[in-house]
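Chain residues, written in single-letter form:
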Amino acid sequence: MAAGFLDILRARHATRLLVGTLVGRLPSGTAHIAIVLFTRAEGGSYTLAGALAAVYGLSTAVGQPLLGRAVDLHGQPRVQLPAAVLSALGMALLALAGLGSLPLAYAGVIVAGVCTPPLEGGLRALWPTVLGHEDRVHRAYAMDAVAQEVMFTVGPLMVTVLVSLWSPAAALLVINAIGVLGALSVVISEPSRTWRSAPREAHWLGALRSPGLLALLGSFFFVGLALGSITVAGVAYADDHGRESVYGWLMAALGLGALIGGMAYGAWQWTGAPERRLRAIVALLALGYLPLMLTPGVVPMTVLAALAGVFLAPAIACSFIVVDRHAPRGTVTEAFSWLVTTFGVGAAAGTALAGPAVELGGTAQGFAVAGAGGVVALLVLLATGRVLAVPGRTAVAVRVSENDRNGAVEPGFSSGHKA
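Computed from a predicted model, the values in this text were never measured in an experiment.

A.B. asks: Explain the overall build of the protein chain to me, please; I cannot follow it from the model alone.
C.D. replies: Regarding its fold elements, the protein chain presents 18 helices and zero strands. For the protein chain, buried positions account for 54% of its 419 residues. In the protein chain, the proportion of contacts linking residues at least 24 apart, taken out of those at least 6 apart, comes to 81%. As displayed, the protein chain has an accessible area near 16700 Å², and 70% of this comes from carbon and sulfur atoms.

If you want it as structure tokens, here you go:
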């Protein structure tokens, strides 16, 4: 299973790009917990902490597709590094100004969110250039999804360690400084410096003019909703059992399941249209969420959480392939950034819905929101099956990635738009 990932990492530039991107994304992956801890340490209420974190999330959702479009138009170094520096300065404003002036605090998180560099979409745009062969690119997408799970586990731990050693303000400053270094490592690499998007048709909708991409985004809004609701329902479950540690066990099990699923997905040699494969994976994902409503004892619930996580990373990895196939010419970074934004907005909606569901109907109803989200995500894919079809794709032999004029790829693989 690991041999396929090692093959990817041995490719020139691959390890540097993956690690640099993960390090560069640490600020966005840890921002919510860092903002909450900082606000509480400054004497702010949970309401204020939640509001600042929500504003950051919404600002990131606005900024990602805009910056992704800028990357497609102007290249990675001219956008990614300045954005990373401005985002870090926004968090520095919050850390240094504190909560004495709320307008300054909100301005800081808005700048930090809007300027979050689209490193995630940028990396996926680079994989065809770095790896070439279709199978290796698809395996890299799976490895990318697995690496995200590691980052979302290690990142919060780094924040808590920095808070315990120094302070929440220091944690904000250090994490964002590290993020700038990660972005710098990526943009000074040869693939990032030489990458150019294909010429694009001028259109104000950009990537969103693709019906297939819109269908995928509609589905993954509800996948994000399901995941976001689990975080709230998990807290309620832990409260029911009188131990805060139970929540940690549930989230760790969910992450472990995603790690196992992502590694298995990356190790398998897949054939057939990824759109059909995605429907099957999302169906299994929804099926995994439904048993959580049973809310059994801690041990079986932890097992159910692990099973629920197994198909998350494969669903994300497969969605990357579908995005790449449906993104209009010259919009690949923007398209990937829209997926990040939609998933994040869905997760925020899930947390908002799960809270009232728990209060009105108990913990089981909180997990019911997750189950419903998974089912609706599947229904969207089923309803848009014709739109998601890519006619003629397998009949066209392409040796150069059409979204990346620098990327030489194997026959039959076209990165970024429909044939």
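A.B. asks: How should the packing of helix α3 (residues 26-41) against helix α5 (residues 77-97) be read in this particular structure?
C.D. replies: Here α3 crosses α5 at 15°, and the two axes come no closer than 11 Å. If you check the angle between α3 and α5, you find them roughly parallel. In terms of crossing hand, the pair formed by α3 and α5 is left-handed. Only Met91, Leu94 and Ala95 of α5 make contact with α3, whose side of the interface consists of Ala31, Ile35 and Phe38. Residues belonging to the contact of α3 with α5 are distributed by class as follows: six nonpolar, no polar and no charged.

A.B. asks: Help me understand the confidence of the model for the protein chain in this model?
C.D. replies: Note: predicted coordinates in regions of low pLDDT should not be interpreted at a detailed level. Scored by pLDDT, the protein chain comes out at a mean of 84, with 89% of its residues at no less than 70. Within the protein chain, the element-level pLDDT minimum falls on helix α1 (residues 2-10), averaging 73, and the maximum on α5, averaging 96. Segment residues 391-419: pLDDT under 50, and 89 contacts once partners within four positions in sequence are set aside and those in other chains are kept.

A.B. asks: Which parts of the structure should I look at to understand helix α6 (residues 102-114)?
C.D. replies: Two residues of an α-helix separated by three or four positions point the same way, owing to the 3.6 residues in each turn. For α6, which comprises 13 residues, the first-to-last C-alpha distance of 18 Å matches the rise-based estimate of 18 Å (1.5 Å per residue) to within 8%. All of the buried residues in α6 are Ala105, Gly108, Val109, Ala112 and Gly113. Mapping the buried residues of α6 onto a view down its axis gives an arc of 125°, with all of them on the same face.

A.B. asks: I'm lost on the nonpolar core in this one. Help?
C.D. replies: Generally speaking, a soluble globular protein has its nonpolar side chains buried in company with each other. Core analysis: the biggest nonpolar cluster contains 104 residues, and Ile35, Trp127, Phe220 and Tyr289 have the highest contact counts within it. When sequence neighbours within four positions are dropped, the list of residues in contact with phenylalanine 220 reads Leu278, Ala315, Ile316, Ser319, Leu339, Thr342 and Phe343. Membership of the second largest hydrophobic core comes to five residues, among which are Ala84, Ala88, Leu119 and Val180.

A.B. asks: Help me out: how do you make sense of the environment of serine 45 in this one?
C.D. replies: You can see serine 45 is positioned in the loop between α3 and α4 (46-74). Relative accessible area serves as the criterion here: at 36%, serine 45 is assigned to the partly exposed category. Among the polar contacts made by the side chain of serine 45, one reaches the main-chain amide nitrogen of leucine 48 at a distance of 3.1 Å.

A.B. asks: Which parts of the structure should I look at to understand the packing of aromatic side chains?
C.D. replies: Centre distance and the angle of the planes are the two values used to describe a pair of aromatic rings. Here the structure, examined in full by the defined rule, presents five aromatic pairs. Aromatic side chains phenylalanine 221 and phenylalanine 222 sit 5.1 Å apart centroid to centroid with 90° between the ring planes, which places their arrangement in the edge-to-face category. The exposure class assigned to phenylalanine 221 is partly exposed, which follows from its relative accessible area of 24%. A residue is classified by how much of its surface remains accessible, and phenylalanine 222, at 25% relative accessible area, is partly exposed. Of the aromatic side chains, those joined through ring pairs into one cluster are Tyr141, Phe320 and Phe336. Over the face of the ring belonging to phenylalanine 320 we find arginine 124, whose NZ or CZ atom lies 3.6 Å from the ring centre.

A.B. asks: What should I look at first to understand empty space enclosed by the protein in this one?
C.D. replies: One water molecule sets the probe size; rolling that probe over the atoms shows where empty space is left. Enumeration according to the criterion identifies three cavities of 30 Å³ or more in this entry. The calculated volume of the largest cavity comes to roughly 120 Å³. Taken together, Asp135, His138, Arg139, Ala142, Tyr265, Gly266, Trp268, Gln269, Trp270, Arg277 and Ile321 make up the lining of the largest cavity. When residues of the lining of the largest cavity are assigned to their parent elements, the largest contribution, four residues, is made by helix α8 (residues 134-165). Looking at side-chain class alone, the lining of the largest cavity contains five nonpolar, three polar and three charged residues. Each pocket or cavity is described by its volume, and for the second largest cavity that value is around 80 Å³. At the level of elements, α3, α5 and α9 (168-187) are the ones that each hand at least two residues to the lining of the second largest cavity.

A.B. asks: Looking at this structure, how should I read the pattern of salt bridges?
C.D. replies: Pairs can form between side chains of opposite charge whenever their charged atoms are close. This structure, assessed with the given rule, holds six salt bridges. Ionic pairing is found between glutamate 334 and arginine 69, a salt bridge with its closest N-O pair at 3.1 Å. Here glutamate 334 is found in helix α16 (residues 332-361), whereas its partner arginine 69 is found in helix α4, with 265 residues between them in sequence. Under the relative-accessibility criterion, glutamate 334 is labelled buried at 1%. Residue arginine 69 is classed as partly exposed on the basis of its relative accessible area of 23%. Linking glutamate 275 and arginine 325 is a salt bridge whose minimum nitrogen-to-oxygen distance equals 3.0 Å.

A.B. asks: It is not clear to me how the environment of valine 111 should be interpreted in this structure. Could you clarify?
C.D. replies: Along the chain, valine 111 falls in helix α6. Sequence-distant contacts of valine 111, that is, excluding residues within four places in its chain, are made with Leu86, Ser87 and Gly90.

What counts and what doesn't
Residues numbered from 1 in each chain as written. Predicted model: local features only at pLDDT ≥ 70, side-chain atom pairs only at ≥ 80, totals over all residues. Heavy atoms only, no water. Helix = DSSP H or I, 4+ residues; strand = E, 2+ residues; numbered from the N terminus. Buried < 20%, exposed > 50% of the residue type's maximum accessible area, 1.4 Å probe, protein only. Contact = heavy atoms within 4.5 Å. Areas by Shrake-Rupley, 256 points an atom, 1.4 Å probe, with all protein chains shown as cover. Axes fitted to C-alpha atoms, helices over the stretch in contact; angles between N-to-C directions. Parallel < 35°, antiparallel > 145°, perpendicular 65-115°, else oblique. Left-handed = near helix turned anticlockwise from the far one by under 90°. Nonpolar A, V, L, I, M, F, W, Y, C, P; charged D, E, K, R; others polar. pLDDT = per-residue confidence, 0-100. Expected span 1.5 Å × (residues − 1). Arc of directions from axis to C-beta. Core = buried A, V, L, I, M, F, W, Y, C linked by side-chain atoms within 4.5 Å. Polar contact = N/O pair within 3.5 Å; in protein donor to acceptor, adjacent residues only side chain to side chain. Phe/Tyr/Trp six-rings, centres within 6.5 Å; stacked < 30°, edge-to-face > 60°. Lys NZ or Arg CZ within 6 Å of the ring centre and 35° of its normal. 1 Å grid on protein atoms, 1.4 Å probe; cavity = no way out; pocket = protein on both sides within 12 Å on 5 of 7 lines; lining within 4 Å. Points joined across faces, edges and corners; volume = space filled by probe spheres on them. Salt bridge = Lys/Arg side-chain N within 4 Å of Asp/Glu carboxyl O.

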